[in-house]
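Now for the letters of each chain:
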Amino acid sequence: MKTLRDWGLSALSDIQDEDRMINFAGYSILYTATENVHLLIFDNEVHLPPETFYYIPPDSPIQFMSETRQAILMWFKVDLFVDRLEFLSHIKRGIFFRNPLGWAVPNNFMPFESIMKYYYFPTQEKVMNKLFAKNLLINFLEFILIRTLMEYDPKMDHYRKDSYEKEMANKFIFLLLNESSFNFTAVYYADKLNISKRTLDNAVQTVYGCTTKSFIIAKALEKAKKLLRGTEIPIKNISQDLGFSEESNFSNFFKKHTGSSPREFRDHAVSQIPNLRLVKS
(Lines give C-alpha, C1' and ligand atoms only; values in the text may rest on other atoms or scores of the structure.)
Protein backbone atom coordinates (compact mmCIF):
# COMPACT_ATOMS: atom_id res chain seq x y z
CA MET A 1 0.00 0.00 0.00
CA LYS A 2 1.16 3.52 -0.74
CA THR A 3 2.01 5.68 2.25
CA LEU A 4 -0.04 8.85 2.55
CA ARG A 5 1.44 11.87 4.27
CA ASP A 6 -0.30 13.86 7.00
CA TRP A 7 -2.82 15.53 4.71
CA GLY A 8 -3.71 15.76 1.07
CA LEU A 9 -6.29 15.73 -1.72
CA SER A 10 -5.77 13.67 -4.83
CA ALA A 11 -7.48 11.67 -7.53
CA LEU A 12 -8.10 8.20 -6.14
CA SER A 13 -6.48 6.63 -9.21
CA ASP A 14 -3.19 8.39 -8.40
CA ILE A 15 -2.77 7.07 -4.85
CA GLN A 16 -3.93 3.45 -5.04
CA ASP A 17 -1.35 0.70 -5.15
CA GLU A 18 -1.31 -2.08 -7.74
CA ASP A 19 -4.08 -3.93 -5.90
CA ARG A 20 -6.22 -0.78 -5.72
CA MET A 21 -5.72 -0.62 -1.96
CA ILE A 22 -5.47 2.31 0.45
CA ASN A 23 -5.02 2.37 4.22
CA PHE A 24 -4.41 5.59 6.13
CA ALA A 25 -3.65 5.92 9.84
CA GLY A 26 -5.65 9.16 10.01
CA TYR A 27 -9.05 10.16 8.71
CA SER A 28 -10.14 10.21 5.10
CA ILE A 29 -13.15 11.16 3.00
CA LEU A 30 -13.85 9.69 -0.43
CA TYR A 31 -15.81 11.81 -2.87
CA THR A 32 -17.27 9.63 -5.63
CA ALA A 33 -17.86 12.62 -7.97
CA THR A 34 -19.70 11.41 -11.10
CA GLU A 35 -18.95 7.69 -10.65
CA ASN A 36 -20.42 4.61 -9.04
CA VAL A 37 -17.71 3.27 -6.72
CA HIS A 38 -17.59 -0.28 -5.41
CA LEU A 39 -15.21 -1.21 -2.60
CA LEU A 40 -14.37 -3.66 0.15
CA ILE A 41 -13.80 -2.47 3.72
CA PHE A 42 -12.94 -5.16 6.28
CA ASP A 43 -14.21 -7.68 3.67
CA ASN A 44 -17.62 -5.95 3.51
CA GLU A 45 -18.89 -4.78 0.12
CA VAL A 46 -19.97 -1.16 -0.14
CA HIS A 47 -21.62 0.35 -3.22
CA LEU A 48 -21.50 4.13 -3.44
CA PRO A 49 -23.55 6.12 -5.97
CA PRO A 50 -22.28 9.28 -7.68
CA GLU A 51 -22.16 12.51 -5.66
CA THR A 52 -21.42 10.85 -2.32
CA PHE A 53 -19.02 11.69 0.50
CA TYR A 54 -17.83 8.52 2.24
CA TYR A 55 -16.27 9.01 5.68
CA ILE A 56 -13.53 6.44 6.33
CA PRO A 57 -12.28 5.78 9.90
CA PRO A 58 -8.54 5.53 10.66
CA ASP A 59 -6.65 2.31 9.88
CA SER A 60 -9.40 0.99 7.59
CA PRO A 61 -7.98 -1.11 4.73
CA ILE A 62 -10.03 -0.47 1.60
CA GLN A 63 -9.84 -2.23 -1.73
CA PHE A 64 -11.58 -0.72 -4.75
CA MET A 65 -13.29 -3.21 -7.05
CA SER A 66 -13.09 -1.16 -10.24
CA GLU A 67 -11.08 1.63 -11.83
CA THR A 68 -12.01 5.20 -11.03
CA ARG A 69 -11.46 8.33 -13.10
CA GLN A 70 -13.18 11.14 -11.23
CA ALA A 71 -13.30 9.92 -7.61
CA ILE A 72 -11.24 11.99 -5.15
CA LEU A 73 -9.75 11.11 -1.77
CA MET A 74 -9.09 13.66 0.98
CA TRP A 75 -7.09 12.58 4.01
CA PHE A 76 -5.90 14.29 7.17
CA LYS A 77 -4.89 13.88 10.80
CA VAL A 78 -6.59 15.77 13.61
CA ASP A 79 -3.54 18.05 13.86
CA LEU A 80 -4.88 19.75 10.76
CA PHE A 81 -7.67 21.19 12.91
CA VAL A 82 -5.54 22.18 15.89
CA ASP A 83 -6.78 25.77 15.53
CA ARG A 84 -10.40 24.63 15.24
CA LEU A 85 -11.06 23.06 18.60
CA GLU A 86 -14.81 22.87 17.97
CA PHE A 87 -14.18 20.28 15.28
CA LEU A 88 -11.73 18.08 17.15
CA SER A 89 -14.38 16.56 19.42
CA HIS A 90 -16.72 16.00 16.47
CA ILE A 91 -13.97 14.30 14.48
CA LYS A 92 -12.75 12.12 17.34
CA ARG A 93 -16.06 11.26 19.00
CA GLY A 94 -18.79 12.58 16.73
CA ILE A 95 -20.88 11.24 13.91
CA PHE A 96 -18.36 11.44 11.08
CA PHE A 97 -16.16 8.38 11.64
CA ARG A 98 -18.16 6.43 14.22
CA ASN A 99 -19.10 3.57 11.89
CA PRO A 100 -16.12 1.19 11.40
CA LEU A 101 -17.48 0.33 7.94
CA GLY A 102 -17.55 3.96 6.88
CA TRP A 103 -20.48 6.32 6.44
CA ALA A 104 -21.94 7.49 3.14
CA VAL A 105 -23.50 10.96 2.90
CA PRO A 106 -25.14 12.30 -0.29
CA ASN A 107 -23.54 15.45 -1.63
CA ASN A 108 -26.32 18.01 -1.33
CA PHE A 109 -23.77 20.69 -0.48
CA MET A 110 -21.91 21.79 -3.59
CA PRO A 111 -22.07 21.03 -7.34
CA PHE A 112 -19.39 18.76 -8.78
CA GLU A 113 -18.17 21.53 -11.11
CA SER A 114 -17.61 23.90 -8.16
CA ILE A 115 -15.70 21.30 -6.16
CA MET A 116 -13.38 20.67 -9.08
CA LYS A 117 -12.94 24.35 -9.96
CA TYR A 118 -12.43 25.83 -6.50
CA TYR A 119 -10.77 23.00 -4.57
CA TYR A 120 -9.48 20.08 -6.60
CA PHE A 121 -7.78 21.70 -9.61
CA PRO A 122 -6.06 24.51 -7.60
CA THR A 123 -4.51 22.04 -5.15
CA GLN A 124 -3.08 19.98 -8.00
CA GLU A 125 -1.03 22.86 -9.38
CA LYS A 126 2.63 22.26 -8.61
CA VAL A 127 3.34 25.98 -8.43
CA MET A 128 0.86 26.50 -5.58
CA ASN A 129 2.44 27.31 -2.22
CA LYS A 130 2.09 24.34 0.13
CA LEU A 131 0.58 26.50 2.87
CA PHE A 132 -2.09 27.81 0.50
CA ALA A 133 -2.90 24.26 -0.64
CA LYS A 134 -3.20 23.20 2.99
CA ASN A 135 -5.51 26.08 3.84
CA LEU A 136 -7.64 25.34 0.79
CA LEU A 137 -8.05 21.73 1.92
CA ILE A 138 -8.91 22.85 5.47
CA ASN A 139 -11.55 25.23 4.12
CA PHE A 140 -13.07 22.48 1.99
CA LEU A 141 -13.09 19.96 4.83
CA GLU A 142 -14.54 22.54 7.21
CA PHE A 143 -17.34 23.24 4.75
CA ILE A 144 -18.16 19.54 4.32
CA LEU A 145 -18.05 18.85 8.06
CA ILE A 146 -20.29 21.79 8.93
CA ARG A 147 -22.87 20.84 6.33
CA THR A 148 -22.85 17.19 7.36
CA LEU A 149 -23.25 18.12 11.02
CA MET A 150 -26.22 20.32 10.22
CA GLU A 151 -27.91 17.67 8.10
CA TYR A 152 -27.35 14.54 10.17
CA ASP A 153 -26.34 15.22 13.78
CA PRO A 154 -29.40 15.06 16.08
CA LYS A 155 -27.73 17.59 18.36
CA MET A 156 -27.96 20.13 15.53
CA ASP A 157 -31.73 19.83 15.18
CA HIS A 158 -32.28 23.45 16.16
CA TYR A 159 -30.12 24.51 13.21
CA ARG A 160 -32.15 22.45 10.76
CA LYS A 161 -35.26 24.37 11.75
CA ASP A 162 -33.58 27.52 10.45
CA SER A 163 -33.13 26.19 6.93
CA TYR A 164 -33.16 29.56 5.17
CA GLU A 165 -30.65 31.09 7.59
CA LYS A 166 -28.44 28.02 7.22
CA GLU A 167 -28.49 28.26 3.44
CA MET A 168 -27.66 31.97 3.47
CA ALA A 169 -24.84 31.43 5.98
CA ASN A 170 -23.36 28.65 3.83
CA LYS A 171 -23.51 30.81 0.72
CA PHE A 172 -21.77 33.58 2.63
CA ILE A 173 -19.01 31.23 3.84
CA PHE A 174 -18.48 29.88 0.33
CA LEU A 175 -18.27 33.43 -1.04
CA LEU A 176 -15.93 34.59 1.73
CA LEU A 177 -13.50 31.70 1.32
CA ASN A 178 -13.31 31.91 -2.45
CA GLU A 179 -12.69 35.63 -2.88
CA SER A 180 -9.09 36.73 -3.38
CA SER A 181 -9.17 39.11 -0.39
CA PHE A 182 -11.38 40.16 2.51
CA ASN A 183 -13.88 42.99 2.58
CA PHE A 184 -14.68 43.99 6.15
CA THR A 185 -18.18 45.33 5.51
CA ALA A 186 -21.15 42.99 5.75
CA VAL A 187 -22.99 45.08 3.14
CA TYR A 188 -20.45 44.03 0.49
CA TYR A 189 -21.25 40.31 0.94
CA ALA A 190 -24.99 40.95 1.36
CA ASP A 191 -25.03 42.77 -1.98
CA LYS A 192 -23.15 39.89 -3.60
CA LEU A 193 -25.81 37.49 -2.29
CA ASN A 194 -28.67 39.80 -3.27
CA ILE A 195 -29.97 39.99 0.30
CA SER A 196 -30.10 42.74 2.92
CA LYS A 197 -27.37 43.23 5.51
CA ARG A 198 -29.93 42.47 8.21
CA THR A 199 -30.79 39.14 6.59
CA LEU A 200 -27.12 38.18 6.36
CA ASP A 201 -26.43 39.24 9.96
CA ASN A 202 -29.40 37.19 11.16
CA ALA A 203 -28.25 34.12 9.21
CA VAL A 204 -24.67 34.25 10.53
CA GLN A 205 -25.86 34.95 14.07
CA THR A 206 -28.31 32.02 13.92
CA VAL A 207 -25.81 29.51 12.60
CA TYR A 208 -22.49 30.67 14.07
CA GLY A 209 -23.54 32.78 17.05
CA CYS A 210 -21.67 35.92 16.01
CA THR A 211 -22.07 38.95 13.76
CA THR A 212 -21.06 38.90 10.12
CA LYS A 213 -18.28 41.40 10.76
CA SER A 214 -16.92 39.35 13.68
CA PHE A 215 -16.84 36.25 11.47
CA ILE A 216 -14.98 38.10 8.71
CA ILE A 217 -12.45 39.47 11.20
CA ALA A 218 -11.90 36.01 12.71
CA LYS A 219 -11.25 34.46 9.30
CA ALA A 220 -8.92 37.30 8.29
CA LEU A 221 -6.93 36.96 11.52
CA GLU A 222 -6.78 33.20 11.08
CA LYS A 223 -5.28 33.58 7.61
CA ALA A 224 -2.92 36.36 8.73
CA LYS A 225 -1.55 34.28 11.61
CA LYS A 226 -0.93 31.29 9.37
CA LEU A 227 0.93 33.39 6.80
CA LEU A 228 2.99 35.16 9.47
CA ARG A 229 3.79 31.96 11.31
CA GLY A 230 4.29 29.58 8.41
CA THR A 231 5.82 31.64 5.59
CA GLU A 232 8.44 34.29 4.91
CA ILE A 233 6.06 36.39 2.80
CA PRO A 234 6.73 40.09 3.48
CA ILE A 235 4.19 41.68 5.80
CA LYS A 236 3.40 44.27 3.14
CA ASN A 237 2.39 41.49 0.74
CA ILE A 238 0.31 39.77 3.41
CA SER A 239 -1.55 43.00 4.11
CA GLN A 240 -2.34 43.37 0.40
CA ASP A 241 -3.40 39.73 0.15
CA LEU A 242 -5.88 40.26 2.98
CA GLY A 243 -7.37 43.34 1.36
CA PHE A 244 -5.61 46.23 3.13
CA SER A 245 -4.49 49.12 0.94
CA GLU A 246 -1.75 50.14 3.42
CA GLU A 247 0.53 48.00 5.55
CA SER A 248 -0.03 50.38 8.49
CA ASN A 249 -3.79 49.70 8.35
CA PHE A 250 -3.14 45.98 8.54
CA SER A 251 -0.70 46.45 11.44
CA ASN A 252 -3.24 48.52 13.38
CA PHE A 253 -5.97 45.96 12.67
CA PHE A 254 -3.79 43.03 13.73
CA LYS A 255 -2.59 44.70 16.91
CA LYS A 256 -6.09 45.77 17.88
CA HIS A 257 -7.36 42.20 17.78
CA THR A 258 -4.27 40.27 18.97
CA GLY A 259 -2.37 42.68 21.19
CA SER A 260 0.81 42.43 19.13
CA SER A 261 1.99 43.79 15.80
CA PRO A 262 2.44 41.45 12.81
CA ARG A 263 6.22 41.74 13.20
CA GLU A 264 6.08 40.91 16.91
CA PHE A 265 3.79 37.96 16.22
CA ARG A 266 6.11 36.58 13.52
CA ASP A 267 9.25 37.07 15.62
CA HIS A 268 7.65 35.29 18.57
CA ALA A 269 6.51 32.42 16.35
CA VAL A 270 10.00 32.02 14.92
CA SER A 271 11.53 32.09 18.41
CA GLN A 272 9.38 29.09 19.36
CA ILE A 273 10.95 26.93 16.66
CA PRO A 274 13.61 24.76 18.33
CA ASN A 275 17.18 25.24 17.19
CA LEU A 276 18.61 22.18 15.50
CA ARG A 277 22.30 21.73 16.19
CA LEU A 278 24.71 19.16 14.92
CA VAL A 279 25.86 16.88 17.66
CA LYS A 280 29.47 15.78 17.25
CA SER A 281 30.16 12.19 18.11
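Residues numbered from 1 in each chain as written. Predicted model: local features only at pLDDT ≥ 70, side-chain atom pairs only at ≥ 80, totals over all residues. Heavy atoms only, no water.

Comments concerning helix α8 (residues 197-208)
A rise of 1.5 Å per residue sets the reference length of α8, with its twelve residues, at 16 Å; its end C-alpha atoms lie 16 Å apart and thus fit the reference within 8%. Where α8 is concerned, the buried positions are Leu 200, Asp 201, Ala 203, Val 204 and Val 207. Projected down its long axis, α8 carries its buried residues within an arc of 160°, all on one side. One or two positions beyond α8, positive phi appears at Gly 209, with a value near 75°. (Helix = DSSP H or I, 4+ residues; strand = E, 2+ residues; numbered from the N terminus. Expected span 1.5 Å × (residues − 1). Buried < 20%, exposed > 50% of the residue type's maximum accessible area, 1.4 Å probe, protein only. Arc of directions from axis to C-beta.)

Remarks on the packing of aromatic side chains
Summed over all chains, the structure comprises 24 aromatic pairs. The interplanar angle of 85° and the centroid separation of 5.3 Å between the aromatic rings of Tyr 118 and Phe 174 together place this pair among those described as edge-to-face. Here Tyr 118 is found in helix α3 (residues 112-123), whereas its partner Phe 174 is found in helix α6 (residues 163-178), with 56 residues between them in sequence. Residue Phe 174 is classed as partly exposed on the basis of its relative accessible area of 22%. Consider the rings of Phe 250 and Phe 254, whose centres lie 5.9 Å apart with planes at 55°: the pair is tilted. In this pair, Phe 250 and Phe 254 are both assigned in helix α11 (residues 247-258), four residues apart and thus about one turn of the helix distant. Under the relative-accessibility criterion, Phe 250 is labelled buried at 0%. (Phe/Tyr/Trp six-rings, centres within 6.5 Å; stacked < 30°, edge-to-face > 60°.)

A word on the side chain of Ser 261
Mapped onto the fold, Ser 261 is located in the loop between α11 and α12 (262-271). Aside from chain neighbours lying at most four places away, what touches Ser 261 is Phe 254 and Lys 255. (Contact = heavy atoms within 4.5 Å.)

Quick look at the environment of Glu 165
If you trace the backbone, Glu 165 turns up in helix α6. Its relative accessible area of 19% is what places Glu 165 among the buried residues. A C-alpha to C-alpha distance of 24 Å links Glu 165 and Phe 53, two positions 112 residues apart in sequence. Once residues lying within four places of it in the same chain are set aside, the contact partners of Glu 165 are Asn 202, Ala 203, Thr 206 and Val 207.

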